[in-house]
Amino acid sequence: MDYQEVKSKLEALQMALVMKMQNPDLSLEEKEDILKSIANYEYIIELTCMNHFERGKLIQ
């Protein structure tokens, strides 16, 4: 997979969780878990971008 493919899939998964948050029947615990997962996807997307643009490498 290339960068755009990976990023698109991660964003789609994150958006699905955002949409799931709209459900008024979710318990507080479920909402907290979903919010944590959304934050995790945001972090993974950020790491994916860093890796693609080679900003995450150590300079020696």
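Predicted model only: the values in this text are computed from it and were never measured. (Residues numbered from 1 in each chain as written. Predicted model: local features only at pLDDT ≥ 70, side-chain atom pairs only at ≥ 80, totals over all residues. Heavy atoms only, no water.)

Moving on: the overall build of the protein. The helix and strand tally for the protein stands at two helices and zero strands. Structurally, the protein occupies a C-alpha span of about 50 × 25 × 10 Å along its principal axes. Taking the contacts inside the protein whose residues are at least 6 apart along the sequence as the reference set, 55% of them involve residues at least 24 apart. Carbon together with sulfur atoms contributes 55% to the accessible area of the protein, which is approximately 5,100 Å² in total. Considering the protein, the positive charge centre built from 7 side chains and the negative charge centre built from 11 side chains are found 4 Å apart. (Helix = DSSP H or I, 4+ residues; strand = E, 2+ residues; numbered from the N terminus. Contact = heavy atoms within 4.5 Å. Areas by Shrake-Rupley, 256 points an atom, 1.4 Å probe, with all protein chains shown as cover. Lys, Arg positive; Asp, Glu negative; His and termini not counted. Charge placed at Lys NZ, Arg CZ, Asp CG, Glu CD.)

Before going further, it helps to spend a moment on the packing of aromatic side chains. In total, this model carries one aromatic pair according to the counting rule given. For the pair Y3 and F53, a centre-to-centre distance of 5.7 Å together with 70° between the ring planes defines the contact as edge-to-face. On the criterion of sequence distance, the pair formed by Y3 in helix α1 (residues 3-20) and F53 in the segment after α2 (28-52) is long-range, its members being 50 residues apart. (Phe/Tyr/Trp six-rings, centres within 6.5 Å; stacked < 30°, edge-to-face > 60°.)

This part takes up the pattern of salt bridges. The tally for this structure, following the rule as stated, stands at one salt bridge. The partner of E11 in a salt bridge is K7, with the nearest N and O atoms 4.0 Å apart. Residue E11 and its partner K7 are both found in helix α1; the two are separated by four residues, about one turn of the helix. (Salt bridge = Lys/Arg side-chain N within 4 Å of Asp/Glu carboxyl O.)

As for its position among the elements, Q14 is in helix α1. For Q14, a relative accessible area of 12% translates into the label buried. Within the local environment of Q14, its side chain forms a polar contact with the side chain of E42, the two groups lying 3.0 Å apart. Discounting residues that sit within four places of it in the chain, Q14 has contacts with I38, Y41, E42 and I45. (Buried < 20%, exposed > 50% of the residue type's maximum accessible area, 1.4 Å probe, protein only. Polar contact = N/O pair within 3.5 Å; in protein donor to acceptor, adjacent residues only side chain to side chain.)

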